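# Overview (structure and organization)
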Amino acid sequence: MENDDEKSFESSLEELEKTIQELEDGDLPLKESVDKFKKGAKLLKKCKEELKNAEISIEKIVDDDGKIDLENFI
Amino acid sequence: MTKTYGKIYSVDEISDRIKKIVENSGLDNIWVKGEISNFRHHDKRHMYFSLKDKNAVIDCAMFKSANKKLIFDPEEGMQVLIRGNVGIYKRRSNYQIIVEEMKPAGGRGELYIKFLQIKEKLEKKGFFNKDKNLPKFPKKIGVVTSGNGAAIEDITTTIERRFPVKILLYPSLVQGKNAKDNIARGIKYLDNTDVDVIIIARGGGSWEDLWPFNEEVVAKAIYNCKKPVISGVGHETDHTIADFVADKRAVTPSGAAEIAVPNKKELNSHLDNLRDSLIKLMKNNLLIKKERLNSLASRTIFKKPLTLIEKKEQQIDDIEKNLSNVLKSRLEKISNEIDKKEGKLNALSPFGVLERGYSITMRENRVIRSVSNLKEGDIITTTLKDGNVNSKVNKNGK
(Lines give C-alpha, C1' and ligand atoms only; values in the text may rest on other atoms or scores of the structure.)
Protein backbone atom coordinates (compact mmCIF):
# COMPACT_ATOMS: atom_id res chain seq x y z
CA MET A 1 0.00 0.00 0.00
CA GLU A 2 1.16 3.51 -0.76
CA ASN A 3 2.38 5.44 2.20
CA ASP A 4 -0.02 8.28 2.92
CA ASP A 5 2.77 10.78 3.56
CA GLU A 6 4.43 10.20 0.22
CA LYS A 7 1.31 10.62 -1.85
CA SER A 8 1.33 13.56 -4.22
CA PHE A 9 -1.07 16.40 -3.65
CA GLU A 10 -2.89 15.32 -6.78
CA SER A 11 -3.52 11.76 -5.65
CA SER A 12 -4.48 12.89 -2.14
CA LEU A 13 -7.01 15.27 -3.59
CA GLU A 14 -8.32 12.62 -5.95
CA GLU A 15 -8.67 10.16 -3.10
CA LEU A 16 -10.44 12.74 -0.98
CA GLU A 17 -12.91 13.36 -3.79
CA LYS A 18 -13.40 9.62 -4.19
CA THR A 19 -13.99 9.16 -0.47
CA ILE A 20 -16.64 11.84 -0.49
CA GLN A 21 -18.22 10.25 -3.54
CA GLU A 22 -18.42 6.95 -1.68
CA LEU A 23 -19.99 8.59 1.34
CA GLU A 24 -22.42 10.22 -1.04
CA ASP A 25 -23.35 7.15 -3.02
CA GLY A 26 -23.50 4.23 -0.70
CA ASP A 27 -25.64 3.30 2.21
CA LEU A 28 -22.48 2.41 4.09
CA PRO A 29 -22.35 0.45 7.31
CA LEU A 30 -21.78 2.74 10.28
CA LYS A 31 -18.24 1.62 10.96
CA GLU A 32 -17.26 1.95 7.34
CA SER A 33 -18.69 5.43 7.04
CA VAL A 34 -16.90 6.52 10.19
CA ASP A 35 -13.67 5.08 8.79
CA LYS A 36 -14.20 6.90 5.52
CA PHE A 37 -14.92 10.11 7.34
CA LYS A 38 -11.71 9.79 9.33
CA LYS A 39 -9.74 9.03 6.19
CA GLY A 40 -11.31 12.02 4.43
CA ALA A 41 -10.48 14.30 7.33
CA LYS A 42 -6.88 13.09 7.29
CA LEU A 43 -6.53 13.63 3.53
CA LEU A 44 -8.09 17.05 3.84
CA LYS A 45 -5.60 18.07 6.50
CA LYS A 46 -2.73 16.78 4.40
CA CYS A 47 -3.85 18.72 1.31
CA LYS A 48 -4.34 21.91 3.31
CA GLU A 49 -0.90 21.60 4.84
CA GLU A 50 0.71 20.90 1.52
CA LEU A 51 -0.87 24.03 0.09
CA LYS A 52 0.23 26.05 3.09
CA ASN A 53 3.78 24.82 2.87
CA ALA A 54 4.21 25.29 -0.87
CA GLU A 55 7.23 27.48 -1.59
CA ILE A 56 8.83 28.87 -4.67
CA SER A 57 12.48 28.20 -5.40
CA ILE A 58 14.28 28.96 -8.60
CA GLU A 59 17.41 27.30 -9.89
CA LYS A 60 19.26 28.52 -12.92
CA ILE A 61 21.25 26.37 -15.28
CA VAL A 62 24.73 27.71 -15.97
CA ASP A 63 26.14 26.52 -19.26
CA ASP A 64 29.86 27.27 -19.34
CA ASP A 65 31.24 25.91 -22.60
CA GLY A 66 29.16 22.76 -22.32
CA LYS A 67 29.94 22.36 -18.62
CA ILE A 68 26.53 22.56 -17.05
CA ASP A 69 25.99 23.65 -13.49
CA LEU A 70 23.13 24.82 -11.30
CA GLU A 71 22.94 27.91 -9.18
CA ASN A 72 20.19 29.64 -7.23
CA PHE A 73 18.48 32.28 -9.26
CA ILE A 74 16.80 34.21 -6.46
CA MET B 1 -27.41 93.65 -63.64
CA THR B 2 -27.79 90.33 -65.36
CA LYS B 3 -25.91 87.36 -64.10
CA THR B 4 -24.93 84.57 -66.50
CA TYR B 5 -24.41 81.17 -64.95
CA GLY B 6 -23.43 79.16 -68.01
CA LYS B 7 -24.27 75.47 -67.70
CA ILE B 8 -25.63 74.42 -64.34
CA TYR B 9 -24.69 70.82 -63.35
CA SER B 10 -26.50 68.62 -60.98
CA VAL B 11 -24.40 66.98 -58.25
CA ASP B 12 -24.89 63.68 -59.94
CA GLU B 13 -23.74 64.98 -63.30
CA ILE B 14 -20.57 66.54 -61.96
CA SER B 15 -19.84 63.38 -59.98
CA ASP B 16 -20.30 61.33 -63.12
CA ARG B 17 -17.92 63.62 -65.01
CA ILE B 18 -15.25 63.19 -62.37
CA LYS B 19 -15.84 59.45 -62.32
CA LYS B 20 -15.35 59.24 -66.07
CA ILE B 21 -12.20 61.36 -65.95
CA VAL B 22 -10.67 59.19 -63.26
CA GLU B 23 -11.69 55.93 -64.85
CA ASN B 24 -10.19 56.95 -68.16
CA SER B 25 -7.00 58.25 -66.64
CA GLY B 26 -5.12 55.00 -67.12
CA LEU B 27 -5.09 54.33 -63.38
CA ASP B 28 -6.46 50.84 -63.83
CA ASN B 29 -4.68 47.57 -63.21
CA ILE B 30 -1.83 49.37 -61.49
CA TRP B 31 0.48 48.22 -58.68
CA VAL B 32 0.77 50.40 -55.57
CA LYS B 33 3.08 49.92 -52.60
CA GLY B 34 2.26 51.15 -49.13
CA GLU B 35 1.53 50.36 -45.51
CA ILE B 36 -1.86 49.14 -44.39
CA SER B 37 -3.65 51.29 -41.85
CA ASN B 38 -7.15 51.54 -40.45
CA PHE B 39 -7.78 47.95 -41.48
CA ARG B 40 -11.37 46.72 -41.15
CA HIS B 41 -12.74 43.32 -42.06
CA HIS B 42 -16.23 43.20 -40.66
CA ASP B 43 -18.24 39.99 -40.81
CA LYS B 44 -15.32 38.44 -42.72
CA ARG B 45 -16.69 39.89 -45.92
CA HIS B 46 -15.24 42.93 -47.64
CA MET B 47 -11.97 44.46 -46.46
CA TYR B 48 -11.62 48.20 -46.09
CA PHE B 49 -8.35 49.91 -45.31
CA SER B 50 -6.07 52.78 -46.21
CA LEU B 51 -2.77 52.50 -47.92
CA LYS B 52 -0.32 55.09 -46.76
CA ASP B 53 3.23 56.27 -47.10
CA LYS B 54 5.03 59.26 -45.62
CA ASN B 55 3.07 61.91 -47.47
CA ALA B 56 -0.26 60.51 -48.56
CA VAL B 57 -3.15 58.19 -47.80
CA ILE B 58 -5.59 56.53 -50.15
CA ASP B 59 -8.67 54.50 -49.29
CA CYS B 60 -8.85 50.91 -50.52
CA ALA B 61 -11.55 48.29 -50.71
CA MET B 62 -10.92 44.62 -51.33
CA PHE B 63 -14.16 42.81 -51.92
CA LYS B 64 -14.88 39.30 -50.79
CA SER B 65 -14.44 37.79 -54.24
CA ALA B 66 -10.85 39.11 -54.26
CA ASN B 67 -9.87 38.76 -50.62
CA LYS B 68 -10.89 35.12 -50.35
CA LYS B 69 -7.90 34.28 -52.54
CA LEU B 70 -5.41 35.79 -50.06
CA ILE B 71 -2.87 33.35 -48.62
CA PHE B 72 -2.16 35.52 -45.58
CA ASP B 73 -4.08 37.79 -43.24
CA PRO B 74 -3.38 41.45 -43.95
CA GLU B 75 -2.72 43.36 -40.77
CA GLU B 76 -2.35 46.87 -39.54
CA GLY B 77 1.11 48.23 -40.34
CA MET B 78 1.97 45.60 -42.92
CA GLN B 79 3.91 46.72 -46.04
CA VAL B 80 2.04 45.45 -49.07
CA LEU B 81 1.90 45.62 -52.83
CA ILE B 82 -1.57 45.86 -54.23
CA ARG B 83 -2.98 45.62 -57.74
CA GLY B 84 -6.23 47.31 -58.58
CA ASN B 85 -8.17 50.14 -60.24
CA VAL B 86 -8.81 53.64 -58.99
CA GLY B 87 -12.51 54.31 -58.80
CA ILE B 88 -14.94 56.94 -57.59
CA TYR B 89 -17.62 56.33 -55.01
CA LYS B 90 -19.85 59.20 -55.86
CA ARG B 91 -22.28 58.80 -52.98
CA ARG B 92 -19.50 59.89 -50.65
CA SER B 93 -17.36 62.05 -52.88
CA ASN B 94 -14.68 59.53 -52.37
CA TYR B 95 -11.97 58.02 -54.53
CA GLN B 96 -10.48 54.66 -53.72
CA ILE B 97 -8.57 51.72 -55.08
CA ILE B 98 -10.58 48.59 -55.68
CA VAL B 99 -7.98 45.95 -54.85
CA GLU B 100 -7.82 42.78 -56.92
CA GLU B 101 -4.60 41.31 -55.56
CA MET B 102 -2.29 41.84 -52.58
CA LYS B 103 1.22 40.66 -51.72
CA PRO B 104 3.46 41.30 -48.73
CA ALA B 105 6.17 43.78 -49.72
CA GLY B 106 9.49 43.46 -47.98
CA GLY B 107 10.37 43.34 -44.25
CA ARG B 108 7.53 42.09 -42.16
CA GLY B 109 5.44 41.17 -45.15
CA GLU B 110 8.11 38.90 -46.55
CA LEU B 111 8.74 37.35 -43.17
CA TYR B 112 5.05 36.75 -42.97
CA ILE B 113 5.09 34.75 -46.19
CA LYS B 114 8.04 32.77 -44.85
CA PHE B 115 6.08 32.19 -41.68
CA LEU B 116 3.14 30.87 -43.67
CA GLN B 117 5.39 28.57 -45.66
CA ILE B 118 6.95 27.09 -42.50
CA LYS B 119 3.51 26.81 -40.97
CA GLU B 120 2.13 24.93 -43.94
CA LYS B 121 5.12 22.62 -44.08
CA LEU B 122 5.05 21.74 -40.38
CA GLU B 123 1.32 21.36 -40.32
CA LYS B 124 1.61 18.78 -43.09
CA LYS B 125 4.27 16.97 -41.05
CA GLY B 126 1.78 16.70 -38.20
CA PHE B 127 3.77 18.98 -35.90
CA PHE B 128 0.63 20.75 -34.75
CA ASN B 129 -1.01 17.63 -33.40
CA LYS B 130 1.08 17.42 -30.24
CA ASP B 131 -1.38 17.50 -27.40
CA LYS B 132 0.07 16.09 -24.20
CA ASN B 133 -1.96 16.44 -21.05
CA LEU B 134 -0.56 18.96 -18.63
CA PRO B 135 0.02 17.78 -15.07
CA LYS B 136 -2.57 19.27 -12.74
CA PHE B 137 -0.13 19.77 -9.90
CA PRO B 138 3.42 20.00 -11.26
CA LYS B 139 6.17 19.83 -8.67
CA LYS B 140 8.84 21.43 -10.81
CA ILE B 141 8.55 23.67 -13.84
CA GLY B 142 11.21 24.15 -16.49
CA VAL B 143 11.47 27.55 -18.17
CA VAL B 144 13.36 28.46 -21.31
CA THR B 145 13.62 32.21 -21.60
CA SER B 146 16.00 35.09 -21.14
CA GLY B 147 17.66 35.08 -17.73
CA ASN B 148 17.15 38.80 -17.28
CA GLY B 149 14.01 39.76 -19.13
CA ALA B 150 10.57 40.69 -17.94
CA ALA B 151 9.32 37.26 -19.01
CA ILE B 152 11.03 35.29 -16.21
CA GLU B 153 9.92 37.88 -13.69
CA ASP B 154 6.31 37.66 -14.86
CA ILE B 155 6.48 33.88 -14.70
CA THR B 156 7.95 33.71 -11.20
CA THR B 157 5.55 36.25 -9.72
CA THR B 158 2.60 34.48 -11.29
CA ILE B 159 3.73 31.10 -10.03
CA GLU B 160 4.44 32.46 -6.58
CA ARG B 161 1.03 34.05 -6.41
CA ARG B 162 -0.88 31.04 -7.71
CA PHE B 163 0.92 27.97 -6.46
CA PRO B 164 4.55 28.21 -5.43
CA VAL B 165 6.66 25.37 -6.82
CA LYS B 166 10.23 24.77 -7.92
CA ILE B 167 11.38 26.39 -11.12
CA LEU B 168 14.34 25.34 -13.19
CA LEU B 169 15.40 28.11 -15.52
CA TYR B 170 17.38 27.57 -18.68
CA PRO B 171 18.59 31.09 -19.54
CA SER B 172 18.50 31.41 -23.30
CA LEU B 173 18.93 34.00 -25.97
CA VAL B 174 15.48 34.94 -27.23
CA GLN B 175 16.39 37.13 -30.20
CA GLY B 176 19.09 37.33 -32.82
CA LYS B 177 20.47 34.65 -35.08
CA ASN B 178 21.79 32.39 -32.32
CA ALA B 179 18.56 32.37 -30.36
CA LYS B 180 16.88 29.50 -32.24
CA ASP B 181 19.62 26.97 -31.46
CA ASN B 182 19.85 28.17 -27.88
CA ILE B 183 16.11 27.79 -27.34
CA ALA B 184 16.09 24.35 -28.93
CA ARG B 185 19.02 23.25 -26.75
CA GLY B 186 17.22 24.52 -23.65
CA ILE B 187 14.10 22.51 -24.44
CA LYS B 188 16.16 19.36 -25.02
CA TYR B 189 18.12 19.93 -21.82
CA LEU B 190 15.04 20.44 -19.65
CA ASP B 191 13.35 17.42 -21.24
CA ASN B 192 16.00 15.28 -19.57
CA THR B 193 15.57 16.76 -16.08
CA ASP B 194 12.89 16.07 -13.48
CA VAL B 195 10.65 18.99 -14.49
CA ASP B 196 7.00 18.12 -15.09
CA VAL B 197 6.27 20.73 -17.70
CA ILE B 198 8.30 23.20 -19.80
CA ILE B 199 7.44 26.82 -20.52
CA ILE B 200 9.10 28.61 -23.43
CA ALA B 201 8.59 32.31 -23.15
CA ARG B 202 9.52 35.72 -24.40
CA GLY B 203 8.12 39.16 -23.78
CA GLY B 204 6.59 41.22 -26.55
CA GLY B 205 8.61 42.57 -29.45
CA SER B 206 8.55 43.16 -33.16
CA TRP B 207 7.92 40.41 -35.64
CA GLU B 208 11.63 40.24 -36.32
CA ASP B 209 12.34 39.99 -32.58
CA LEU B 210 9.98 37.06 -32.16
CA TRP B 211 11.28 35.35 -35.27
CA PRO B 212 13.42 32.67 -33.53
CA PHE B 213 10.16 31.17 -32.23
CA ASN B 214 9.10 30.61 -35.84
CA GLU B 215 12.20 28.63 -36.71
CA GLU B 216 11.96 24.99 -37.62
CA VAL B 217 14.69 23.91 -35.20
CA VAL B 218 12.64 25.28 -32.28
CA ALA B 219 9.46 23.67 -33.63
CA LYS B 220 11.28 20.34 -33.88
CA ALA B 221 12.61 20.59 -30.32
CA ILE B 222 9.10 21.28 -29.02
CA TYR B 223 7.59 18.50 -31.13
CA ASN B 224 10.16 15.95 -29.98
CA CYS B 225 9.97 16.97 -26.33
CA LYS B 226 8.58 14.14 -24.24
CA LYS B 227 7.29 16.59 -21.66
CA PRO B 228 4.35 18.90 -22.23
CA VAL B 229 5.39 22.32 -23.50
CA ILE B 230 3.53 25.57 -22.93
CA SER B 231 4.36 28.55 -25.13
CA GLY B 232 3.99 32.10 -23.95
CA VAL B 233 5.58 34.27 -26.59
CA GLY B 234 4.92 37.95 -27.18
CA HIS B 235 1.53 39.56 -26.74
CA GLU B 236 -2.10 38.72 -27.37
CA THR B 237 -1.97 39.32 -31.10
CA ASP B 238 1.29 37.52 -31.81
CA HIS B 239 1.20 34.02 -33.21
CA THR B 240 4.41 32.06 -33.63
CA ILE B 241 5.07 28.59 -35.00
CA ALA B 242 6.10 27.62 -31.46
CA ASP B 243 2.56 28.41 -30.36
CA PHE B 244 1.11 26.02 -32.91
CA VAL B 245 3.49 23.20 -32.02
CA ALA B 246 3.30 23.55 -28.23
CA ASP B 247 0.87 21.34 -26.31
CA LYS B 248 -0.72 24.47 -24.95
CA ARG B 249 -0.52 28.06 -26.09
CA ALA B 250 -0.66 31.04 -23.75
CA VAL B 251 -0.73 34.57 -25.06
CA THR B 252 1.91 35.93 -22.68
CA PRO B 253 4.63 34.56 -20.36
CA SER B 254 2.46 35.10 -17.26
CA GLY B 255 -0.40 33.43 -19.13
CA ALA B 256 1.84 30.40 -19.59
CA ALA B 257 2.61 30.36 -15.86
CA GLU B 258 -1.11 30.50 -15.16
CA ILE B 259 -1.72 27.46 -17.31
CA ALA B 260 1.20 25.61 -15.72
CA VAL B 261 0.08 25.77 -12.10
CA PRO B 262 -3.30 25.65 -10.41
CA ASN B 263 -4.60 28.50 -8.32
CA LYS B 264 -3.88 28.05 -4.62
CA LYS B 265 -6.84 30.20 -3.60
CA GLU B 266 -9.22 28.21 -5.78
CA LEU B 267 -7.77 24.97 -4.46
CA ASN B 268 -8.18 26.16 -0.91
CA SER B 269 -11.82 27.00 -1.47
CA HIS B 270 -12.27 23.70 -3.28
CA LEU B 271 -10.84 21.97 -0.22
CA ASP B 272 -13.18 23.97 2.00
CA ASN B 273 -16.09 22.79 -0.10
CA LEU B 274 -14.88 19.22 0.17
CA ARG B 275 -14.62 19.57 3.94
CA ASP B 276 -18.16 20.91 4.13
CA SER B 277 -19.58 18.07 2.09
CA LEU B 278 -17.56 15.53 4.07
CA ILE B 279 -19.09 16.76 7.33
CA LYS B 280 -22.55 17.14 5.86
CA LEU B 281 -22.49 13.63 4.41
CA MET B 282 -21.32 12.12 7.66
CA LYS B 283 -24.05 13.94 9.57
CA ASN B 284 -26.63 12.78 7.05
CA ASN B 285 -25.37 9.26 7.28
CA LEU B 286 -25.70 9.26 11.04
CA LEU B 287 -29.11 10.87 10.82
CA ILE B 288 -30.36 8.17 8.46
CA LYS B 289 -29.16 5.46 10.79
CA LYS B 290 -30.67 7.23 13.78
CA GLU B 291 -33.99 7.52 12.03
CA ARG B 292 -33.95 3.86 11.18
CA LEU B 293 -33.24 3.05 14.78
CA ASN B 294 -36.03 5.36 15.94
CA SER B 295 -38.53 3.82 13.60
CA LEU B 296 -37.60 0.37 14.90
CA ALA B 297 -37.91 1.56 18.48
CA SER B 298 -41.40 2.85 17.81
CA ARG B 299 -42.68 -0.55 16.71
CA THR B 300 -45.37 -2.06 19.02
CA ILE B 301 -43.07 -4.75 20.22
CA PHE B 302 -40.89 -2.17 21.94
CA LYS B 303 -43.65 0.24 22.81
CA LYS B 304 -46.00 -2.38 24.39
CA PRO B 305 -43.85 -5.36 25.13
CA LEU B 306 -46.78 -7.07 27.01
CA THR B 307 -48.81 -7.35 23.85
CA LEU B 308 -46.82 -10.31 22.74
CA ILE B 309 -47.35 -12.08 26.08
CA GLU B 310 -51.01 -11.20 26.09
CA LYS B 311 -51.35 -12.65 22.68
CA LYS B 312 -49.68 -15.83 23.81
CA GLU B 313 -51.89 -16.02 26.85
CA GLN B 314 -54.94 -15.75 24.70
CA GLN B 315 -53.61 -18.47 22.52
CA ILE B 316 -53.07 -20.66 25.55
CA ASP B 317 -56.62 -19.93 26.71
CA ASP B 318 -57.94 -20.95 23.37
CA ILE B 319 -55.93 -24.12 23.40
CA GLU B 320 -57.12 -24.87 26.91
CA LYS B 321 -60.70 -24.42 25.87
CA ASN B 322 -60.24 -26.65 22.93
CA LEU B 323 -58.49 -29.19 25.00
CA SER B 324 -61.22 -29.36 27.65
CA ASN B 325 -63.84 -29.74 24.95
CA VAL B 326 -61.92 -32.56 23.43
CA LEU B 327 -61.37 -34.14 26.82
CA LYS B 328 -65.03 -33.88 27.71
CA SER B 329 -66.17 -35.59 24.59
CA ARG B 330 -63.56 -38.26 25.02
CA LEU B 331 -64.61 -38.85 28.60
CA GLU B 332 -68.21 -39.17 27.53
CA LYS B 333 -67.24 -41.66 24.92
CA ILE B 334 -65.22 -43.66 27.40
CA SER B 335 -67.97 -43.66 30.01
CA ASN B 336 -70.45 -44.90 27.40
CA GLU B 337 -68.12 -47.70 26.61
CA ILE B 338 -67.70 -48.51 30.25
CA ASP B 339 -71.45 -48.70 30.67
CA LYS B 340 -71.64 -51.12 27.80
CA LYS B 341 -68.87 -53.26 29.24
CA GLU B 342 -70.52 -53.17 32.65
CA GLY B 343 -73.61 -54.84 31.22
CA LYS B 344 -71.51 -57.60 29.78
CA LEU B 345 -69.60 -57.91 32.99
CA ASN B 346 -72.73 -58.14 35.07
CA ALA B 347 -73.84 -61.07 33.03
CA LEU B 348 -70.72 -62.90 34.01
CA SER B 349 -70.60 -61.79 37.65
CA PRO B 350 -71.49 -64.18 40.55
CA PHE B 351 -73.98 -61.56 41.60
CA GLY B 352 -75.92 -62.25 38.45
CA VAL B 353 -76.12 -65.92 39.49
CA LEU B 354 -77.28 -64.90 42.99
CA GLU B 355 -79.97 -62.85 41.31
CA ARG B 356 -81.28 -65.94 39.74
CA GLY B 357 -81.63 -67.65 43.20
CA TYR B 358 -78.32 -69.35 43.69
CA SER B 359 -76.21 -68.74 46.78
CA ILE B 360 -72.62 -68.99 47.86
CA THR B 361 -71.55 -70.71 51.02
CA MET B 362 -68.37 -69.68 52.75
CA ARG B 363 -66.62 -70.61 55.92
CA GLU B 364 -64.08 -68.29 57.34
CA ASN B 365 -64.22 -66.37 54.07
CA ARG B 366 -63.46 -69.39 51.94
CA VAL B 367 -65.93 -70.67 49.42
CA ILE B 368 -67.22 -74.12 50.25
CA ARG B 369 -67.64 -76.24 47.17
CA SER B 370 -68.35 -79.64 48.77
CA VAL B 371 -70.22 -81.00 51.77
CA SER B 372 -67.21 -83.01 52.59
CA ASN B 373 -65.49 -79.88 53.57
CA LEU B 374 -67.96 -79.26 56.36
CA LYS B 375 -68.56 -80.94 59.67
CA GLU B 376 -71.17 -80.57 62.34
CA GLY B 377 -70.99 -77.38 64.32
CA ASP B 378 -69.21 -75.37 61.56
CA ILE B 379 -70.45 -71.80 61.22
CA ILE B 380 -71.07 -71.04 57.59
CA THR B 381 -72.03 -67.87 55.83
CA THR B 382 -74.44 -68.03 52.98
CA THR B 383 -74.56 -65.15 50.58
CA LEU B 384 -77.86 -64.63 48.88
CA LYS B 385 -78.81 -61.98 46.37
CA ASP B 386 -79.69 -59.45 48.99
CA GLY B 387 -77.40 -60.28 51.92
CA ASN B 388 -75.62 -62.81 54.10
CA VAL B 389 -76.96 -65.29 56.60
CA ASN B 390 -74.91 -67.22 59.17
CA SER B 391 -75.89 -70.79 60.03
CA LYS B 392 -74.59 -73.71 62.07
CA VAL B 393 -74.21 -77.10 60.42
CA ASN B 394 -76.40 -79.72 62.22
CA LYS B 395 -76.00 -82.61 60.05
CA ASN B 396 -73.74 -83.47 57.29
CA GLY B 397 -75.96 -85.32 54.97
CA LYS B 398 -73.92 -86.43 52.13
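Presented here is a report on the structure given in the accompanying data block. Since the model is a prediction, treat every value here as computed from it, not as a measurement.

Residue and element names in this part refer to chain B. When you line up the elements, Arg 162 lands in helix α4 (residues 150-162). No salt bridge forms around the buried Arg 162; measuring N to O, its nearest opposite-charge neighbour Glu 258 is 4.5 Å away. Arg 162 has contacts with Glu 258, Val 261, Pro 262, Asn 263 and Lys 264, leaving out every residue within four places of it along the chain.

Before going further, it helps to examine the interface of chain A and chain B. Tallying the contact residues gives 35 residues for chain A and 38 residues for chain B. Here chain A and chain B share an interface that buries about 3,300 Å² over both sides, 71% of which is from carbon and sulfur atoms. On the chain A side of the interface with chain B, the three residues burying the most area are A:Leu51, A:Ile56 and A:Ile61, jointly 20% of the side's total. Close ionic contact of B:Asp272 with A:Lys48 constitutes a salt bridge, the shortest N to O distance being 2.6 Å. For the interface between chain A and chain B, the tally reads 10 residue pairs in polar contact (both at pLDDT 80 or more).

Right, let's talk about the pattern of salt bridges for a bit. Residue and element names in this part refer to chain B. Taken as a whole and judged by the stated rule, the model has 22 salt bridges over all chains. Across the pair Glu 120 and Lys 124 runs a salt bridge, and its minimum N-O distance is 3.6 Å. Of the two residues, Glu 120 and Lys 124 are both situated in helix α3 (residues 107-124); the distance of four residues between them amounts to about one turn of the helix. Ionic pairing is found between Lys 226 and Asp 191, a salt bridge with its closest N-O pair at 3.4 Å. On the criterion of sequence distance, the pair formed by Lys 226 in the loop between α7 (216-224) and β9 (229-233) and Asp 191 in helix α5 (residues 179-191) is long-range, its members being 35 residues apart.

Ranked by size, the top nonpolar core spans 56 residues in total, and within it B:Phe49, B:Phe72, B:Met102, B:Ile200 and B:Ile222 carry the most contacts. The element best represented in this core is α3(B), accounting for seven residues. Here B:Ile222 is in contact with B:Lys130, B:Ile187, B:Ile200, B:Val229, B:Ala242, B:Val245 and B:Ala246, once residues within four sequence places are set aside. A:Ile20, A:Leu43, B:Phe137 and B:Ile199 belong to the second-largest nonpolar core, a separate cluster that totals 38 residues.

Basis of the calculations
- Residues numbered from 1 in each chain as written.
- Chains lettered and ligands numbered in written order.
- Predicted model: local features only at pLDDT ≥ 70, side-chain atom pairs only at ≥ 80, totals over all residues.
- Heavy atoms only, no water.
- Helix = DSSP H or I, 4+ residues; strand = E, 2+ residues; numbered from the N terminus.
- Buried < 20%, exposed > 50% of the residue type's maximum accessible area, 1.4 Å probe, protein only.
- Lys, Arg positive; Asp, Glu negative; His and termini not counted.
- Salt bridge = Lys/Arg side-chain N within 4 Å of Asp/Glu carboxyl O.
- Contact = heavy atoms within 4.5 Å.
- Buried area = accessible area lost by both parts, 1.4 Å probe.
- Polar contact = N/O pair within 3.5 Å; in protein donor to acceptor, adjacent residues only side chain to side chain.
- Core = buried A, V, L, I, M, F, W, Y, C linked by side-chain atoms within 4.5 Å.

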